[in-house]
Amino acid sequence: MKLHSCLAAAGLLMAALPPAIAADACAAYKWDVTPEVRLYTTQPGSVTVGATVADAPLIDAARLYALQLKPQESVQYAAPPSKKMLADGAYGGVLRLKVAAAGQYRVAIDSGFWLDVIHDGKPLDAADFNGVRDCDGPRKIVVYELPADVELTLQLGAAATAQAKLTVTAVATATP
Amino acid sequence: MTPHAQGDSAVSAAAGRAPFPERRSPPAWRDLDTETREAFDLGLAIFNTSWVIAGTPNAQRRDGLGPLFVAASCDGCHNNGARGRGEPVGNRLPNSFVMQLGGPPTVYGAVFATQALPGHVSEGRVELSWSARDGRYPDGEGWELRLPEYRLTQLAFGPLPGDAVLQPRIAPATFGSGLLEAVPHEAVMRIRALQSHAVRGELAWHEDADGKPRLGRFGWQAQAISIEDQTARALAREMGLTSRPHPQDDCTTQQAACRNAPQGGSPEVSDEFLGALVTLQANLAVPARPAGAAADSGAVLFERTGCASCHQSVLPVDTGSGTAIIDAYTDLLLHDMGEGLADRRVDGSIAGSQWRTAPLWGMAHALAGGDAGLLHDGRARSVEEAVLWHDGQARDARRAFERLPAAERRQLLDWVGSL
């Protein structure tokens, strides 16, 4: 009985949680993620990921995308995922990305999956990463140093769901 | 087979070390036959895999997470096998942080689960704040340490009793676990016998499943007797996954929703998978010291200030095909490290202050990524801070360190940072 009322109370609490509190959770990121949080409230562009680089759509920075992923066993990556993982029942896919200015970019996703940015056939090392599970919007962010004007491949894998939201944003450089 | 006597000068290269050119593919410390290599690779894939909710279509081998948990993969806390990073600034909890609960059993179980699957409620939140402690070396140079304080909030199952022990822990590295497991307990007893009364450690005896005494080796207080024991605990408590040694996850009898949640198999982690995880860890090498590592004058100071009486540079291991020597810089014994490092009860009183001498091998690799989080809760932002927290049985060594001229202190710290 005691447990029952406890759970019911907690259920109420969750239902009553105003969006402001959920957004507050995003403040737990080690950087200011206001740009991502804001993008996550915009209308997403719908995109179906490619199963190969050849059929991968090109995406832009500073936009929210709603991705339709593919069963991972049907995906042929440009380079093997840089981290070995079981792919049982997993979803994945390939995107292409090109940025106009070189520098640090944050790739933000709303659910757990593995990300690789491939340049010249090799995965780039992530410059940093951070995750905040209760953030309503971007739940995991990986930072990469991206070169300008070259086509990069964004490889997604090990996702538990067939849908995901994603943004790529330039890290604001401090102005003197 | 050439058994080496302890301290044998012919033993120059310690076993177990290997270069880590690619962090995401940590190497093995010995040559593996094909079968073992396959298990090692499978183990690495499992280690890295995020588990998913029971019943996820086609995810049979990796489903069963939670419903209460702290992280969804081993890798989420031990990134690429390494220790957790600290949080040098601010009040964020490190990613690989776990609040264990000791003392008389409570409704919350052994680990305070800060995450829950949809439809379940996490046990609550851990809030961290810091207070500063400062002081000076005898030569006048100042230092500042930070002392963590934890508060558990949003408690889903009611308040914790005052005698519950808060056990904040950060994930240590998994590297070299197989070698630590292969140190004969007789060797540990021999080291203990040679330690002076003031620093003599205690053997962490625990019972195995058959009730036989076995030496605890893993965890900050050496509670786990084997890699399998540590792995099955982590699966059950940190991830909510059952396995043969732990057929129940960390749901207590009062947590009905947790107990009644759908299972991802029985057990959720097969023996094949558990075995592969163990094979991985039994063979993971320890990162080699960087080339051109700090001068050995640091080693002399380490010896002279008394660090080496606990952080032993030479341990014998039984490799199965002979005896080798490792430079793990631990004695696998428990030492009283004083009140400053002790766990506290909810009512603020001091609980355990005994810790396993932390192995210092792989320190260079651990520090390379920045954001050092040393000691059992990740409070120390540098080797220097870790040393300044040493008290209790390590007080004399700390004082000897403090009395060194500044340049020698630096040499000693640099050397420890190069291990």
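Preceding block: the structure.
Residues numbered from 1 in each chain as written. Chains lettered and ligands numbered in written order. Predicted model: local features only at pLDDT ≥ 70, side-chain atom pairs only at ≥ 80, totals over all residues. Heavy atoms only, no water.

**Considering the overall build of chain A**
A count of helical and extended segments in chain A gives three helices and 12 strands. Out of the 176 residues belonging to chain A, those deemed buried represent 44%. Taken as a whole, chain A presents about 8700 Å² of accessible surface, with 58% of it coming from carbon and sulfur. (Helix = DSSP H or I, 4+ residues; strand = E, 2+ residues; numbered from the N terminus. Buried < 20%, exposed > 50% of the residue type's maximum accessible area, 1.4 Å probe, protein only. Areas by Shrake-Rupley, 256 points an atom, 1.4 Å probe, with all protein chains shown as cover.)

**Regarding the side chain of B:Gln167**
Of note, B:Gln167 is situated in strand β7 (residues 165-170). Apart from the residues within four sequence positions on either side, B:Gln167 is in contact with B:Val98, B:Met99, B:Gln100, B:Leu101, B:Gly102, B:Gln221 and B:Asp343. (Contact = heavy atoms within 4.5 Å.)

**Details of the sheet that holds β7(B)**
Hydrogen bonds between backbone groups are what pair the strands of a sheet, and the pairing can be parallel or antiparallel. Residue and element names in this part refer to chain B. Ordered by their spatial adjacency, three strands build an open sheet running β3-β7-β14, and the pairing between neighbours is antiparallel. Sheet topology places β3 (97-102) and β14 (344-345) at the edges, where each strand pairs with a single neighbour. Where β3 lies against β7, six bridges are found, and the strand directions are antiparallel. Within the sheet, the bridge partner assigned to Gly102 lies in β7 and is Val165. (Pairing = 2+ DSSP bridges.)

**Things to note about the packing of aromatic side chains**
Residue and element names in this part refer to chain B. Inspection of the entire model under this criterion finds nine aromatic pairs over all chains. Here Tyr108 and Phe112 contribute two aromatic rings whose centre-to-centre distance is 5.7 Å and whose plane-to-plane angle is 50°, an arrangement assigned as tilted. In this structure Phe112 comes out as buried when scored by relative accessible area, which is 1%. When the ring of Phe302 is compared with that of Tyr329, the centres are 5.9 Å apart and the planes differ by 85°; the resulting orientation is edge-to-face. Taken together, the positions of Phe302 in helix α7 (residues 297-304) and Tyr329 in the loop between β12 (323-326) and β13 (334-336) put the pair 27 residues apart, joining distant regions of the chain. Like Phe302, the residue Tyr329 is buried in the burial classification. In textbook terms, an aromatic cluster arises when at least three aromatic residues are bridged by ring pairs, as seen for Tyr108, Phe112 and Phe157. When the ring centre of Trp130 is taken as reference, the NZ or CZ atom of Arg146 above it lies at 3.8 Å. Here the basic side chain of Arg379 rests over the ring of Trp389, its NZ or CZ set 4.3 Å away from the ring centre. (Phe/Tyr/Trp six-rings, centres within 6.5 Å; stacked < 30°, edge-to-face > 60°. Lys NZ or Arg CZ within 6 Å of the ring centre and 35° of its normal.)

**Notes on the nonpolar core**
Residues and elements named next belong to chain B. In this structure, Trp51, Val183 and Ile326 are the most contacted members of the largest nonpolar core, which totals 53 residues. Counting residues per element, this core draws most heavily on helix α6 (residues 271-283), at seven residues. Trp51 has contacts with Ile46, Arg61, Arg62, Asp63, Leu65, Ala72, Met239, Leu241, Glu268, Val269 and Phe273, leaving out every residue within four places of it along the chain. (Core = buried A, V, L, I, M, F, W, Y, C linked by side-chain atoms within 4.5 Å.)

**Topic: the pattern of salt bridges**
If the charged atoms of two oppositely charged side chains come close together, the side chains can form a pair. Residue and element names in this part refer to chain B. Enumeration over the complete set of coordinates arrives at 24 salt bridges over all chains. Between Asp208 and Arg214 there is a salt bridge, and its shortest N-O distance comes to 3.9 Å. Relative accessible area serves as the criterion here: at 16%, Asp208 is assigned to the buried category. By sharing partners, the salt bridges in this structure join Asp391, Arg395, Arg398 and Glu402 into a single network. (Salt bridge = Lys/Arg side-chain N within 4 Å of Asp/Glu carboxyl O.)

**Thoughts on the environment of B:Leu241**
Residues and elements named next belong to chain B. The residue Leu241 is located in the loop between α4 (227-238) and α5 (256-260) in this model. The exposure class assigned to Leu241 is buried, which follows from its relative accessible area of 0%. C-alpha of Leu241 to C-alpha of Leu44: the two residues are 197 residues apart in sequence and 17 Å apart in space. Those residues in contact with Leu241 that lie beyond four places of it in its chain are Trp51, Asp63, Gly64, Leu65, Leu235, Ala236, Asp249, Glu268 and Val269.

**So, the interface of chain B and chain A**
In this assembly, 33 residues from chain B lie in contact with 29 residues from chain A. For the pairing of chain B and chain A, the buried interface totals around 2500 Å² over both sides, and the portion due to carbon and sulfur atoms is 50%. For chain B, the biggest contributors to the area lost against chain A are B:Arg24, B:Arg62 and B:Arg92; these three give 27% of the whole. Counting across the interface, chain B meets chain A through three salt bridges. Between A:Asp88 and B:Arg61 there is a salt bridge, with the nearest N and O atoms lying 2.6 Å from each other. Along the contact surface separating chain B from chain A lie 11 residue pairs in polar contact (both at pLDDT 80 or more). Counting only elements with at least two residues in the side of chain B that touches chain A, the list comes to α1 (34-48) and α5 of chain B. The biggest single contributor to the side of chain B that touches chain A is α1(B), with six residues. Class assignment of the residues belonging to the side of chain B that touches chain A gives a composition of 15 nonpolar, 10 polar and eight charged. (Buried area = accessible area lost by both parts, 1.4 Å probe. Polar contact = N/O pair within 3.5 Å; in protein donor to acceptor, adjacent residues only side chain to side chain. Nonpolar A, V, L, I, M, F, W, Y, C, P; charged D, E, K, R; others polar.)

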